[in-house]
Amino acid sequence: MFEYDPVFLSRILTGITLAVHVIFATVGVGVPLMIALAEWMGIKRNDEHYRLLARRWARGFVITVAIGVVTGTAIGLQLSLLWPNFMQMAGHVISLPLFMETFAFFFEAIFLGIYLYTWDRFKKKIYHFFILIPVALGAMASGFFITTVNGFMNAPRGFDLENGVLTNIRPLEAMFNPATPTKVAHVLSSAYLTTAFVLAAIAAFAILRGKDHVYHKKALHLTMTAAAIFAISTAIIGDFSGKYLAKYQPEKLAAAEWHFETSTEAPLILGGVLQENNEVKYALEIPYALSILAHGTPDAEVIGLEEFPEEELPPLIVHYFFDLMVGIGMFLAFVSILYVLFAKVRKWNEWNKPLLWAIVAGGPLSLLAIEMGWFFAELGRQPWLLVGYMTVEQGATTSEHVDLMIVLFVLLYIVLCTTCATVLRKMFKNNPVEKELHDRGME
Ligand code: HEB
Ligand code: HEB
């Protein structure tokens, strides 16, 4: 029934692996910062509740890091197994950041180990906090280095091409390619935003279930304040990402906006259905918004898909991914700013049910936005693997066993994810906040 196609199957397997890894990677980048904020507040205000928050988050973090390492290693394996031609051609250009990511990970892991075993061991609590700084920096560095690799795939620099071979390699130029600044900033900011929302959702859910200890309210307040800040920064940086695309990958932006003809005063199209003659129906049009997103002025010219050869056009479905990401981004910003506003005004109650439920919804939605962002960025790069140099088809393996690999890896991910969920649930169920507060004599 199905024709065996190693290229298609390789894309499926890589996609599944990245979709799983990115959840753990995002949490892996964001949680250390949230732990640091909590411990810092705990020390500054001499408030044991915040320190307990830090402790509990750190315990959960260990589990997600472990899974992140396994899924990350799976990606590393698959890079050479599924995309051998790509790794052969470009491997030595990007080996620096790839190696540095592993290094950053070890750096992070070593200090995380020390951090976990030195609670209450120091006379001055702040020393324990200092150990967390390399953990947070290491996680951030992981995200930074690996994102430069993705940037390189989108905007390859730092080499010369001679008879199909990359020579005169300049690794730093490859790392600091034009895509790197916006990508790194957007990835880090959205990771912090997502983690803040996921942790806020847990606190909001606890409050909704009638847990009224002030511990949960402090957790909610800390995470939602952080979420509001990172929601704003993610949106601002996202705007810069749009300007990057307009300059370096206009076909990706045009595909995201179903912008067929080059024109000035281009509107932004939200939702809608594409008709046969490239007409868009049922969409919400925001006049001038695409020109502003692309170049910052309402009358700027935005390049349309007509300028590109048919075989170089990205799939038009990325429009929905982009809309979903932006839509969720707006929702997260709205909810978190509303929370901060409600918390500021004495008469208003920031623990009202609708707002708490919106925060609970924000947790999974933010994870969905991360997935949509990557789907958009990666599918929008098609048909290229290395833009302008190598197509996905040219980079792929011709192996005959990719289908079997998919089955095995999917089984692995199912086992990993259920284990992760079970362990986390057991860990926090068997030792609920109320019990730990009681045991530590800090009711
Ligand atoms: Fe990653 C981990 C790879 C993407 C973040 N990673 C990891 C690992 C690996 C990887 C191999 C393991 C460890 C070491 O280092 O050795 N990745 C990778 C690749 C890619 C990625 C290949 C693509 C292509 N990541 C990513 C992203 C991010 C990340 C995008 C961000 C956002 N990672 C990360 C982190 C880690 C890792 C953070 C650590 C772990 C945890 O979880 O924490
Ligand atoms: Fe995003 C991507 C924009 C929000 C996540 N972003 C992206 C892009 C753009 C954007 C343009 C592409 C880039 C490239 O490709 O280079 N966003 C945006 C905007 C906004 C946003 C405008 C506002 C609203 N995002 C968002 C959110 C999130 C995200 C909210 C989550 C949470 N994104 C994302 C990711 C990605 C993206 C993850 C992938 C990576 C890169 O950067 O690329």
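Residues numbered from 1 in each chain as written. Chains lettered and ligands numbered in written order. Predicted model: local features only at pLDDT ≥ 70, side-chain atom pairs only at ≥ 80, totals over all residues. Heavy atoms only, no water.

(A) Summary view of the site of ligand 1. Neighbouring residues of ligand 1: 22 residues in total, closest His21, Gly72, Ile75, Glu101 and Thr102. Glu101 is positioned with one of its side-chain polar atoms (N or O) 3.0 Å from a nitrogen atom of ligand 1. Elements that contribute at least two residues to the shell around ligand 1 include exactly helix H1 (6–44), helix H2 (48–82), helix H3 (84–117) and helix H4 (125–154). The greatest single-element share of the shell around ligand 1, amounting to seven residues, is contributed by H2. Grouping the constituent residues of the shell around ligand 1 by class yields 12 nonpolar, eight polar and two charged. (Near = heavy atom within 4 Å. Polar contact = N/O pair within 3.5 Å; in protein donor to acceptor, adjacent residues only side chain to side chain. Helix = DSSP H or I, 4+ residues; strand = E, 2+ residues; numbered from the N terminus. Nonpolar A, V, L, I, M, F, W, Y, C, P; charged D, E, K, R; others polar.)

(B) Inspection of the pairing of strand E4 (residues 268–274) at higher detail. Sheet topology places E4 next to strand E5 (residues 280–286); six bridges connect them, and they run antiparallel. In the strand pairing of E5, Val273 is matched with Lys281. If you look at the hairpin formed by E4 and E5, you'll find five residues sitting between the two strands, and Asn278 has a positive phi there, around 65°. (Pairing = 2+ DSSP bridges.)

(C) The coordination of the iron atom of ligand 2, seen in detail. Only His186 (NE2) and Met325 (SD) from the protein coordinate the iron atom of ligand 2, and they sit 2.1 to 2.4 Å from it. If you look at the iron atom of ligand 2, its six donor atoms make angles of 79 to 179° with each other, and the shape they trace is octahedral. Pair noted here: His186 is in helix H6 (residues 180–208) and Met325 is in helix H10 (residues 318–344), with a separation of 139 residues, a long-range link. With a relative accessible area of 17%, Met325 lands in the buried category. (Donors = N, O, S within 2.8 Å, 3.2 Å for Na, K, Ca; no water. Tetrahedral: all angles 85-135°; square planar, octahedral: opposite > 155°, others 65-115°. Buried < 20%, exposed > 50% of the residue type's maximum accessible area, 1.4 Å probe, protein only.)

(D) Local environment of the packing of H6 against helix H7 (residues 214–248). Between H6 and H7, whose axes approach to 7 Å, the crossing angle comes to 155°. The orientation of H6 with respect to H7, classified from their angle, is roughly antiparallel. Handedness of the H6/H7 crossing: left-handed. Residue composition of the contact of H6 with H7, by class: 21 nonpolar, 10 polar and one charged. (Axes fitted to C-alpha atoms, helices over the stretch in contact; angles between N-to-C directions. Parallel < 35°, antiparallel > 145°, perpendicular 65-115°, else oblique. Left-handed = near helix turned anticlockwise from the far one by under 90°.)

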